[in-house]
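# Residue-level structural notes
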Amino acid sequence: MNPARWPREDALRERLLHVDPRTGTLRDAHIADLPRLLRAGDLLVVNDAATLPGSLQGQAPGGTAVEARLLGELPDGAFRAVLFGPGDWRTPTEHRSPPPLLREGDRLSFGALSATAGSVSLSATIENVSSVSPRLVELRFDGPRDRLWPLLYRLGRPVQYSYAAGALEAWHVQVPYASQPRAAEMPSAGRPLRWEVLLGLRERGVHLASVTHAAGLSSTGDPALDAALPLPEEFEVPEATAEAVARAHARGGRVVAVGTTVVRALEGAALQHGGRLVATAGETDLVVGPGYRPSVVDGLLTGVHEKAASHFALLHAFAPAEVLRRAHDHSERSGYLSHEFGDSWLLL
């Protein structure tokens, strides 16, 4: 399946495959058709996490070039990150050189030249090296937090991969309703939900709610680390969303998650409270896949994924394997595009 290599200008014309898991029916549509595919009383839940400028180019001790890809901020103010050796997004992730072997206490420096402000720099100390992989570390940046964030936005770029047609800017990787900068990669299932679609849903009688989930990296190129994905990710389900889910189910409506991160947040929160969804903030290590029976989420709007992707495995919680196979084959034959700027499926 071919990847979308760049954001498309008219998101409303992007393709949407409606997959009915019960009947196995496949129907071609467009994102603009989403309001007619849902019904009054349904609840659509989005992930409002903004995407971090999480790729930082810098140097390790001894001057070796490194790239740090930030996974997110930890409660104590440190950041979890994955380190790469020399190179950038133009080299496929699996072909990137590993970073030098680093230890706790080693310092990394990041910097750039600004045409208006001269040299801009930022330093961080490695506070922890994971037992999963020496490339997974916890960093603590120097200086106060209110100074850190402006520097991250000046020095960092979005995490991206080699299939992209060019260098992405921050605005290319934000969902329309983005809020707090928490996601390492864009929660891309919501990317095509322009305000025209959201207004059409409201007019249809579909209710809207949000969670915040720190979407992680989809690939690191390190086999040991990739096998551990998805890593535990921070999330927050607000009280208003928990109440909206309860109301939707009470009136016979369906709860439709926009993306796999919303599934992890809602289902992870419910698991922490014996299957009952209440307002929750914390981390979830829930891995949804074959054999998992969702207790909160009834349907899923998701991007088109390759069969080997970890995101595709999650879809087995919402549809039989044979239906998913036919949907994938249909998408491939019909020219659906994959990855974060690609087309979409609605499993409902």
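To start, this report covers the structure provided alongside it. Note that the structure is predicted; figures quoted are calculated from it, not measured.

Another aspect to go through is helix α8 (residues 321-334). Over its 14 residues, α8 extends 20 Å from the first C-alpha to the last, a length consistent with the 20 Å expected when each residue adds 1.5 Å. Of the positions making up α8, those classed as buried are Val 323, Leu 324, Ala 327, His 328, His 330 and Ser 331. All buried residues of α8 project into a common sector of 165° when viewed along the axis, lining one side. Structurally, α8 contributes buried residues whose contacts are with β1 (15-19), β2 (26-30), α7 (310-314) and β17 (344-347). Among the residues trailing α8, Gly 335 stands out with phi positive, at a value near 80°.

Counted residue by residue, β1 has four buried out of five residues, so it is predominantly covered. Here five bridges tie β1 to β2, and the two strands are oriented antiparallel to one another. Across the sheet, Leu 17 pairs through a bridge with Asp 28, a residue of β2. Turn length for the β1-β2 hairpin, with the two strands adjacent in sequence and antiparallel, is six residues, and the turn residue Gly 24 shows positive phi of about 80°. Pairing geometry for β1 and β17, over four bridges, is parallel. In the sheet register, Leu 17 faces β17, and the bridge partner there is Trp 345.

Omega for the peptide link from Leu 229 to Pro 230 comes to -5°, which places this bond in the cis form. Its location among the elements puts Pro 230 in the loop between α4 (223-228) and β13 (233-237). Of note, the phi angle at His 339 is positive, near 75°, even though the residue is not glycine.

Further remarks concern the packing of aromatic side chains. One pass over the structure, following the stated rule, counts six aromatic pairs. Ring centres of Tyr 161 and Tyr 163 lie 6.4 Å apart, and the angle between their planes is 20°; this geometry places the pair in the stacked category. Judged by its relative accessible area of 18%, Tyr 163 falls in the buried class. Three or more aromatic residues link up through ring pairs in this structure, and these residues are Phe 79, Phe 110, Phe 141, Trp 149 and Tyr 153. Arg 69 extends its terminal NZ or CZ atom over the ring of Phe 84, reaching a point 4.4 Å from the ring centre.

What follows is about the sheet that holds β13. Spatial ordering of the open sheet is given by β2-β1-β17-β16-β14-β3-β12-β13-β15, a layout of nine strands whose pairing is mixed. This sheet does not close on itself; its edge strands, each paired only once, are β2 and β15 (280-284). Shown here is a sheet whose adjacent strand axes are inclined to one another by a mean of 25°, direction ignored.

Another point: helix α3 (residues 195-204). Looking at α3, one finds that the buried residues are Val 197, Leu 198, Gly 200 and Leu 201. The buried side chains of α3 occupy one side of the element, clustering within an arc of 160° when seen end-on. Exposed and facing more than 90 degrees away from the buried side of α3 are Trp 195, Glu 196, Arg 202 and Glu 203. Elements that come into contact with the buried residues of α3 comprise α1 (34-37), β3 (43-47) and β12 (207-213). With its phi angle positive at about 95°, Gly 205 sits one or two positions after the end of α3.

Evaluated as defined, the whole model comprises 21 salt bridges. We note a salt bridge from Arg 22 to Asp 20, for which the minimum N-O separation is 3.9 Å. Taking the shortest distance from any N to any O, the salt bridge between Arg 90 and Asp 88 comes out at 2.6 Å. According to the relative accessible area criterion, Arg 90 is exposed, its value standing at 53%. Through salt bridges with shared partners, a single ionic network connects Lys 307, Glu 322, Arg 325, Arg 326 and Asp 329.

Turning to the environment of His 95, a few remarks are in order. Tracing the sequence through the fold places His 95 in the loop between β7 (79-84) and β8 (107-114). Through-space distance from the C-alpha of His 95 to that of Ala 60 is 20 Å; in sequence the pair is 35 residues apart.

As paired elements, β3 and β12 share five bridges and run parallel to each other. Residue pairing in the sheet places Val 45 in a bridge with Ala 209 of β12. One ladder, built from two bridges, connects β12 with β13; its direction is antiparallel. In the strand pairing of β13, His 213 is matched with Phe 235.

Quick notes on the rules
- Residues numbered from 1 in each chain as written.
- Predicted model: local features only at pLDDT ≥ 70, side-chain atom pairs only at ≥ 80, totals over all residues.
- Heavy atoms only, no water.
- Helix = DSSP H or I, 4+ residues; strand = E, 2+ residues; numbered from the N terminus.
- Expected span 1.5 Å × (residues − 1).
- Buried < 20%, exposed > 50% of the residue type's maximum accessible area, 1.4 Å probe, protein only.
- Arc of directions from axis to C-beta.
- Contact = heavy atoms within 4.5 Å.
- Pairing = 2+ DSSP bridges.
- Phe/Tyr/Trp six-rings, centres within 6.5 Å; stacked < 30°, edge-to-face > 60°.
- Lys NZ or Arg CZ within 6 Å of the ring centre and 35° of its normal.
- Axes fitted to C-alpha atoms, helices over the stretch in contact; angles between N-to-C directions.
- Salt bridge = Lys/Arg side-chain N within 4 Å of Asp/Glu carboxyl O.

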